[in-house]
Amino acid sequence: MRSLWINKRTLPLFFCGCMLLLFQNPLFPQSDLSATNNTETMIHPIDEIDEFGDIEEPEEEKDSSLTISDPLEPLNRAVFCFNDKLYLYLLRPISKGYAFIVPKPARKSTKNFFHNIAFPVRFINNLFQANLHGAAIELGRFTVNTFFGFAGLIDLSSRPDINLPKQHTDFGDTLGTYGIKEGIFLNLPILGPSTVRSAVGTAGDFFLHPISLLNSERAIVGVKTYEKTNEVSLTPGEYESFKKASLDPYTAMKNGYIQYRQPKRHIQE
Amino acid sequence: MNKKGIFFLLLAYTLFNAPAYGGEPMESVRTHVEKVLTILRDPALKAELAKGVEQKKIQRVYQEMFDEVELSKRALGRHWNTLSREERKEFVPLFRRLLEQAYLDKLLAYSNEKVLFDKEISLSPTIAEVRTRIVSSSQTVFVFYRVIQKKGSWKVYDIIVENISLIQNYRSQFNEILVKNSPSQMLKILKNKVK
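The model shown is predicted, which means the values in this text are computed figures rather than measured ones.

A. Region of interest: the overall build of chain A. In terms of helices and strands, chain A carries 12 helices and 2 strands. The buried share of chain A, reckoned over its 269 residues, is 35%. Sequence-distant contacts in chain A: of pairs separated by 6 or more residues, those separated by 24 or more amount to 65%. Of the accessible surface of chain A, which amounts to about 16500 Å², a share of 67% is contributed by carbon and sulfur atoms.

B. Focus on the pattern of salt bridges. Scanning all chains against the criterion turns up 27 salt bridges over all chains. A salt bridge links A:Arg141 to A:Asp155, with the nearest nitrogen and oxygen atoms 3.2 Å apart. Taken together, the residues span a long stretch of sequence, with A:Arg141 in helix 6 (residues 132-147) and A:Asp155 in the loop between helix 6 and helix 7 (171-177) at a distance of 14 residues. This pair shows no difference in class: A:Arg141 is buried, exactly as A:Asp155 is. In this structure, B:Glu27 engages B:Arg30 in a salt bridge whose closest nitrogen and oxygen atoms are separated by 3.5 Å. Here the residue B:Glu27 and the residue B:Arg30 both occupy positions in helix 2 (residues 24-41), the gap between them amounting to 3 residues, near one helical turn. Connected through shared salt-bridge partners, A:Glu73, A:Arg77, A:Asp248, B:Glu176 and B:Lys180 make up one network.

C. Quick peek at a nonpolar patch on the surface. A surface patch of nonpolar side chains, about 360 Å² in accessible area, is lined by A:Phe113, A:Phe150, A:Leu153 and A:Ile154. Here A:Leu153 lies in the loop between helix 6 and helix 7.

So, how was this worked out
- Residues numbered from 1 in each chain as written.
- Chains lettered and ligands numbered in written order.
- Predicted model: local features only at pLDDT ≥ 70, side-chain atom pairs only at ≥ 80, totals over all residues.
- Heavy atoms only, no water.
- Helix = DSSP H or I, 4+ residues; strand = E, 2+ residues; numbered from the N terminus.
- Buried < 20%, exposed > 50% of the residue type's maximum accessible area, 1.4 Å probe, protein only.
- Contact = heavy atoms within 4.5 Å.
- Areas by Shrake-Rupley, 256 points an atom, 1.4 Å probe, with all protein chains shown as cover.
- Salt bridge = Lys/Arg side-chain N within 4 Å of Asp/Glu carboxyl O.
- Patch = residues over 30% accessible without salt bridge, like charges linked within 9 Å, V, L, I, M, F, W, Y side chains within 5 Å.

Encoded structure:
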């Protein structure tokens with residue numbers, strides 16, 4: 001029996017196998033014969049590397065999927081300025097005043113509540129995309145948070161012991177799964193960055209959102225404004241630090257939006 | 001122990017050793033993030049930071065943590081080659097200062113939350129991604145660090161916050177600026193930003 005595994009004949013083979021595994025090990029990158037630019041640093045002495053030299057393989061090649069045409073750029077930039085002023089002179093002071101009056105836990109609960117009532121949007125779009133896993137998680141989240149989290153005021157589902165993560169999706173994603181292209185980039189007044197597909201999606205989602213049951217436009221706008229104010233009050237200074245860190249805030253916002261809309265890698269895996 | 005036992009032990013050793021991948025990238029990121037957080041959570045220093053009086057301590061950690069030349073190359077992309085050597089040398093510290101501010105602001109906003117180090121993924125023998133999560137009662141923010149091994153240590157060359165790569169974002173901005181302006185004008189814009 002024991003000679004079945006290792007005997008005189010199989011021992012060299014076994015040894016070769018071990019060596020092969022060992023040298024494929026990323027811990028030993030020196031052994032990688034197909035060394036790329038990066039591994040050169042390990043082969044040559046340090047002072048030979050010219051850190052400020054030219055680069056051979058610019059990164060842009062990987063960006064091709066991230067370009068969305070922006071023929072309306074002048075208009076979009078004008079809207080960006082408008083939204084910027086709107087934030088600066090209206091939304092920010094209001095949300096600051098609001099944050100002063102309403103304590104943080106209450107604002108967090110409000111955010112949870114709004115997220116919870118938007119459940120039909122995420123649930124139905126997950127179904128449209130044949131993402132049964134996502135739909136099931138959303139259903140679970142809604143059930144737990146509605147019945148045990150005081151009508152969604154507490155997001156129990158996100159706690160580590162329950163661990164039902166939010167399944168963000170919308171009608172724009174649904175259109176994407178059916179092969180509809182993003183279209184051009186749009187920067188909408190008040191609503192912010194979008195694409196043609198996404199804008200259509202937002203309109204579609206409106207009818208899935210319980211807010212559409214309100215029968216007065218004024219009430220709908222009021223509720224939406226309140227939701228937005230509450231959201232901003234929870235992340236004070238976020239927009240300011242974004243602007244501070246950007247050289248061209250419009251481009252930064254556009255690129256950020258496009259990247260954000262890409263499939264989430266950690267969820268795919 | 002019989003031969004079969006030894007064989008399995010060896011087999012297990014070779015098999016399980018291969019994908020283990022040292023864990024060095026994650027440890028490197030963890031050490032630096034924790035250092036930054038310790039500094040940020042120090043109430044005395046926090047007050048000073050708010051006044052912008054002293055950032056030396058954090059700057060030292062940054063220099064250990066980030067590969068500033070790699071960051072700059074990737075942020076400029078193909079435009080890196082159009083800059084003269086002197087311009088490149090001027091660009092690197094300026095861009096580092098801009099990133100310091102951006103990263104500091106991000107971490108300051110979350111300095112009271114818990115940072116979880118989930119896993120590391122090997123993308124090539126010298127490149128890895130360290131996945132972390134910032135968890136608070138109201139939200140979870142995914143922050144991934146791309147690290148590159150140079151001169152034996154792992155250094156950060158990109159930060160991906162909620163699917164948004166910081167370097168890619170800056171690349172789009174530098175591209176926008178450099179198709180309309182010369183490198184020296186771009187450096188002027190950058191200088192005005194970080195002054």
